[in-house]
Amino acid sequence: MVKTIKGIAASDGIATAEAYLLVQPDLSFDKKSISDTEAEISRLKDAIATSDSELTKIRDVAKESLGEDEAQVFDAHKMILADPEFTGAVEQEVSDKSVNAEQALDDVSKNFIAIFEGMTDNPYMQERAADVRDVTKRVMAHLLGVELPNPSLIDHEVIIVAHDLTPSDTAQLNKKYVKGFVTDIGGRTAHSAIMARSLELPAVVGTDSITGDVKEGQTVILDGLNGAAIVDPTDDDIKKYAKLAKDFADQKAEWEKLKNEATVTADGKHFDIAANIGTPDDLQGVIDNGAEGVGLYRTEFLYMQSEELPTEDDQFNAYKKVLEGMNGKAVVVRTMDIGGDKHLSYLPLPEEMNPFLGYRAIRISLDRQEIFRTQLRALLRASAFGQLRIMFPMIGTLQEFRDAKKIFEEEKSKLVAKGVEVSDNIQLGMMMEVPAAAILADQFAKEVDFFSIGTNDLIQYTMAADRGNEHVSYLYQPYNPSILRLVKHVIDSAHKEGKWAGMCGEAAGDNIMVPLLLGMGLDEYSMSATSVLRVRSLMKKLSTADLKELAEKAVSESVTNEDNEKLVESYINK
Ligand SMILES: C=C(OP(=O)(O)O)C(=O)O
Ligand SMILES: [Mg+2]
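All values derive from a computational prediction rather than experimental measurement.

How should the domain arrangement of the protein chain be read in this particular structure?
How big an interface is tends to be expressed through the accessible area that disappears when the partners come together. Taken domain by domain, the protein chain consists of domain 1 (3-21 + 157-165 + 179-233), domain 2 (37-144) and domain 3 (268-573). The straight-line distance from the C-alpha centre of domain 1 to that of domain 3 is 27 Å. Across the contact, 16 residues belong to domain 1 and 16 residues belong to domain 3. Considering only residue class, the side of domain 1 that touches domain 3 consists of 6 nonpolar, 6 polar and 4 charged.

Encoded structure:
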């Protein structure tokens, strides 16, 4: 029977396909005594052989769709299965203790994991713990006769249904077959939602219950425009959504016409609309959508897609590719923003009660300076190939900015002394995403070259509401006068010192926010590439002169987020 499940609209578009449940099965088991240990060992060997041939298949598919580097992780898994020290120890445990294979596997793998995790002076070996965990899960599933989801083996069109997707899960989705995703938890500005927008995959998050509401193989219509999943739709539903999908495609075709136009408002003011990217591969989307620069390159994805810390040369090549690809247009590269919801398997971070308030971004860079210096050297070398701007994430104090700038200057002088070609014109700026810094923007403005306002974090920290938690998503209030006052103060402070202010948080591409930002005089707008043409089309219809007054009212007279939403809507519909 048809069911409509509401959630948060995280990425535009409509898709209809079979549900693919990316849900971890129950791998619990009971300890049993075994009398026929030989038969038990042969059951174990069967599970290992099946796991091995499954891994061969997954490796082939991963190589095809994601490339050799991504596929290599499965070699590590196959090596563990072929290692007599591991599998031999499990067999030994079965015969010595007369226990079932599940118990023996569990005991041996826990032992191995503890040993690897204990190698704190060798991050490479520590990383092997994750491989042992993954392989154990696969063999255990075969012993128990349960199905383990293998998203890399998907060979037909599906909608992924999951409790949650991490940014790295999202990066591995094969766009050829995955038509969208819907999750139990998450918010609009969580990184998997942001990635869905750059992949142009419709997504609905924070439904609370979707994994319990839909069964594998059921048809699902995903309405990423309004935030709903329709499970087992009727013919009428399918017709209705086909029409909605067509209207959306027509709308996009209309926006497409603006691809090669500059962004100019109705009163003739030009603004730069830039795009946010995660990897050099996203450049195609930037160019296809006619963006006028890159306003945020989230370099942490370079670290996340690697099996170990990327070398200076790896990074140099990536940055050079982006700078050259943008052909002289400005590229704002943000230094590594690891922590929060972005993890590196090879850089174990301490367990934290509040990772978003913890050891992340510039805090890690200033502490682990060898990582930071390597990144800065790669950036400095790449600066010869385009118009590079660098910014630091999560700056909360002036001292942090000064320390980061000092390290940058040191690395620059060393390279210049060696005769390496380095641009002399690299602007150094910061993300404005910590309220303490936004309040002191007038002080920061004297020392930076630019600000880029990160509303995803600025709103989460100002409203004290986790950006990935659907239960508090009502507090994501970009038009709340408290947020607008901070934004205005940041923009005014920059201008007072003759600096520029941009925004790279998701709000920069929001239809209600854009008129307010134009009114406040924001200089640069950076957003998911897929939003660029919609915003260009909107700006063409707006006149900055009228909007100044509107923004003034929004900041000083309105009390709530909704007041301002209505204020802008009534202006636009006038
Ligand atoms: C752009 C931002 O950075 P990120 O989403 O990567 O935290 C932000 O916080 O608004
Ligand atoms: Mg941020």
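Alright, that's what it looks like, and here's the rest.
Could you clarify how one ought to interpret the sheet that holds strand 11 (residues 330-334) in this entry?
Sheet architecture is closed into a barrel: 8 strands sit in the order 9-10-11-12-13-14-15-16, paired in parallel fashion. Strand after strand, the sheet turns through a mean of 25° between neighbouring axes, direction not considered. In this sheet, strand 16 (residues 524-528) lies alongside strand 9 (residues 272-277) in parallel orientation, the contact comprising 5 bridges. If you follow Ile 273 over to strand 16, its bridge partner there is Tyr 525.

I'm lost on the site of ligand 1 in this one. Help?
The immediate surroundings of ligand 1 are formed by Leu 296, Arg 298, Asp 337, Glu 433, Gly 454, Thr 455, Asn 456, Asp 457, Cys 504 and Gly 505. Contributing elements (two or more residues each) for the shell around ligand 1: strand 10 (294-298) and helix 18 (455-463). Per-element accounting of the shell around ligand 1 gives the leading share, 3 residues, to helix 18. Tallied by class, the residues present in the shell around ligand 1 amount to 2 nonpolar, 4 polar and 4 charged.

I keep staring at the pairing of strand 5 (residues 178-183) and nothing clicks. Help me out?
Consecutive residues of a regular strand have side chains that alternate between opposite faces of the sheet. A large share of strand 5 lies buried, amounting to 6 of its 6 residues. Pairing of strand 4 (residues 158-162) with strand 5 involves 5 bridges; the strand directions are parallel. In the sheet register, Val 158 faces strand 5, and the bridge partner there is Val 178. For strand 5 and strand 6 (residues 203-205), the ladder comprises 2 bridges, and the chain directions are parallel. Considered in strand 6, the bridge of Phe 181 is made with Ala 203. Between the parallel elements strand 5 and strand 6, the chain passes through helix 7 (residues 191-199) in a crossover that is right-handed.

Explain the sheet that holds strand 2 (residues 8-11) to me, please; I cannot follow it from the model alone.
Sheet strands pair by backbone hydrogen bonding; their relative direction is either parallel or antiparallel. A sheet is described by the order of its strands in space; here 8 strands give the open sequence 1-8-7-3-4-5-6-2, paired in mixed fashion. Of all the strands in the sheet, just strand 1 (3-6) and strand 2 have a single pairing partner and so form its edges. Taken pair by pair, the neighbouring strands of this sheet meet at an average axis angle of 30°, ignoring direction. Pairing of strand 1 with strand 8 (residues 228-231) involves 4 bridges; the strand directions are antiparallel. Within strand 8, the position partnered with Ile 5 by the bridge is Ala 229. Contacts from helix 7 reach strand 2, strand 5 and strand 6 within the one sheet, and its direction differs from that of strand 2 by about 50°.

Whenever I open this one, helix 18 confuses me. Can you help?
Each full turn of the α-helix corresponds to 3.6 residues, which orients residues three or four apart in the same direction. A large share of helix 18 lies buried, amounting to 8 of its 9 residues. Listing the buried residues of helix 18 in full gives Thr 455, Asn 456, Asp 457, Leu 458, Ile 459, Gln 460, Tyr 461 and Thr 462. On its buried face, helix 18 is in contact with strand 13 (427-432), helix 16 (435-439), strand 14 (450-453), helix 19 (481-496) and strand 15 (500-503).

Conventions we followed
Residues numbered from 1 in each chain as written. Chains lettered and ligands numbered in written order. Predicted model: local features only at pLDDT ≥ 70, side-chain atom pairs only at ≥ 80, totals over all residues. Domains from an automatic or database assignment. Contact = placed C-beta atoms within 7 Å. Nonpolar A, V, L, I, M, F, W, Y, C, P; charged D, E, K, R; others polar. Pairing = 2+ DSSP bridges. Helix = DSSP H or I, 4+ residues; strand = E, 2+ residues; numbered from the N terminus. Axes fitted to C-alpha atoms, helices over the stretch in contact; angles between N-to-C directions. Near = placed C-beta within 6 Å. Buried ≥ 20, exposed ≤ 12 C-beta atoms within 10 Å, placed from the backbone. Right-handed = clockwise from strand over helix to strand, strands pointing away.

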